[in-house]
Amino acid sequence: MAADPAKLAAAWAYLAELGVTLADLQHDARPALPTFDDYLPQVLAAAGPGALRAYRSYWQRMTRAWGNQAIDSVTASDLQAMRQHVTGSAQARRNSRGGRHAGELFIAAARAFYNRAIADGLIQTTDSPAHRVGKPRRLPSTRRALTLDELTEINLVARTTGNDTILDALLLRLHTETACRRGGGLGLRLQDLDAEQGLLLLREKGGTVRWQPISLDLAASLAQHAAVRGALLPTDALLRYRNGAALTSRRYDYLWHRIGQHLPWVAAQGISMHWLRHTTLTWVERHFGYGTARA
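From a predicted model like this one, the values you see are computed outputs, not experimental measurements.

Rules and cut-offs
Residues numbered from 1 in each chain as written. Predicted model: local features only at pLDDT ≥ 70, side-chain atom pairs only at ≥ 80, totals over all residues. Heavy atoms only, no water. Helix = DSSP H or I, 4+ residues; strand = E, 2+ residues; numbered from the N terminus. Expected span 1.5 Å × (residues − 1). Buried < 20%, exposed > 50% of the residue type's maximum accessible area, 1.4 Å probe, protein only. Salt bridge = Lys/Arg side-chain N within 4 Å of Asp/Glu carboxyl O. Phe/Tyr/Trp six-rings, centres within 6.5 Å; stacked < 30°, edge-to-face > 60°. Contact = heavy atoms within 4.5 Å. Core = buried A, V, L, I, M, F, W, Y, C linked by side-chain atoms within 4.5 Å. 1 Å grid on protein atoms, 1.4 Å probe; cavity = no way out; pocket = protein on both sides within 12 Å on 5 of 7 lines; lining within 4 Å. Points joined across faces, edges and corners; volume = space filled by probe spheres on them. Nonpolar A, V, L, I, M, F, W, Y, C, P; charged D, E, K, R; others polar.

A. Region of interest: helix 4 (residues 49-66). For helix 4, spanning 18 residues, the distance from its first C-alpha to its last is 25 Å, which sits close to the expected 26 Å at 1.5 Å a residue. Where helix 4 is concerned, the buried positions are Leu52, Tyr55, Tyr58, Trp59, Met62, Thr63 and Trp66.

B. Molecular detail of the pattern of salt bridges. Taken as a whole and assessed by the stated rule, the structure comprises 10 salt bridges. For arginine 251, the salt bridge identified is with aspartate 168, shortest N-O distance 2.9 Å. In this pair, arginine 251 is assigned in helix 11 (residues 249-262) and aspartate 168 in helix 8 (residues 165-178), connecting sequence segments 83 residues apart. Considered together, arginine 251 and aspartate 168 belong to a single accessibility category, that of buried residues. With its nearest N and O atoms 2.6 Å apart, the salt bridge here joins glutamate 177 to arginine 173. Pair noted here: glutamate 177 and arginine 173 are both in helix 8, with a separation of 4 residues, about one helical turn. What makes arginine 173 partly exposed here is its relative accessible area of 34%. Via salt bridges that share partners, Asp168, Arg251 and Arg258 belong to a single interconnected network.

C. Spotlight on the packing of aromatic side chains. Per the counting criterion, the structure on display carries 7 aromatic pairs. Considering the side-chain rings of tyrosine 39 and phenylalanine 113, the 5.6 Å spacing of their centres and the 85° angle between planes classify their relative orientation as edge-to-face. Remark: phenylalanine 113 occurs in helix 6 (residues 100-119) and tyrosine 39 occurs in helix 3 (residues 36-46); sequence separation between them is 74 residues. Each member of the pair, tyrosine 39 as well as phenylalanine 113, carries the same accessibility label: buried. Centre to centre, the rings of tyrosine 58 and phenylalanine 106 are 6.1 Å apart; their planes meet at 65°, and the pair counts as edge-to-face.

D. Up close: helix 13 (residues 273-288). Under the 1.5 Å per step criterion, the end-to-end length of helix 13 is 23 Å for 16 residues, consistent within 8% with the ideal 22 Å. Along helix 13, the residues classified as buried are Met273, Trp275, Leu276, Arg277, Thr279, Thr280, Thr282 and Val284. Each element contacted by the buried residues of helix 13 is listed here: helix 7 (148-160), helix 8, helix 9 (182-186), helix 11, helix 12 (264-269) and helix 14 (290-294). Just beyond helix 13, the residue with positive phi is glycine 289, at close to 100°.

E. Quick peek at the nonpolar core. Grouped together as the largest cluster of nonpolar side chains are 35 residues, with contacts concentrated most on Ile154, Leu172, Leu200, Leu222, Trp256, Ile259 and Met273. Among the secondary structure elements, those contributing two or more residues to this core are helix 7, helix 8, strand 2 (199-203), helix 10 (216-228), helix 11 and helix 13. Tallying contributions element by element places helix 8 first for this core, with 5 residues. The contact partners of isoleucine 259, leaving out residues within four places of it in the chain, are Ile154, Val157, Ala158 and Val266. If you look at the next biggest cluster of nonpolar residues, it comprises 30 residues, including Met62, Ala76, Ala102 and Phe106.

F. Main features of the layout of surface pockets. Reported here for the second largest pocket is a volume of approximately 200 Å³. Lining the second largest pocket we find Ala145, Leu146, Thr176, Thr279, Thr280, Thr282, Trp283, Arg286 and His287. For the lining of the second largest pocket, the leading source of residues is helix 13, giving 6 residues. A per-class count over the lining of the second largest pocket returns 3 nonpolar, 5 polar and 1 charged.

In structure tokens, the structure reads:
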């Protein structure tokens, strides 16, 4: 049965005298929200590998601070205070920016946490405290294209030092030719190499997949490397250590640390594999245009 209009009007008038609004009634009618301790496992289970690498430590930090509190009890000021602490306690490195990146990443992690709560229907978008905290403005990158002489020096050190010069030289050649990220190199499988046509199937950031042309020399070297080091099945990792184990990101860290020990300017500027990507894309853009470089 429809409610009596007169009774509804009387009820609204009484609520108005008490200062109660419709939002108050809706808020009070909602079931209790989970605590950070209760909700974190659900957020972790729904996150992809990239989000876990970037955000897991910040989500855990939030949970340590507010574990027994409901997720809607934290305010924008609480998150801003934690961002300040994250920024101030960030580890100092040669390429650090006073913790700005750590502060930016923390806010991104908090927003991702509350985006999950919004998607699950636990809170409204306007109720998210993380979306009311601004991210610090990102400063221009100090990364630049390397010169031919600098590339030559880097390759010379990689080919003449270390415990696996063949692997290191191959890594530098791979990233210089393809401008792929570290994840692209680590994700290569035997079936991703077409040595006859000189093609590599790269799977990279954001789930992008592309066939990348490479020189036939590099294709042949990659095929030989995989065969010698035990890649047999199509899904086996293409890049491998001398003992046959699949390559890990630690090799990249070791490689650039070693190069930095021999070339102080590499260590001082924080040069990494991503600089090779930037170098190649800059060369392509200057010779063939922005559209080609982007593709």
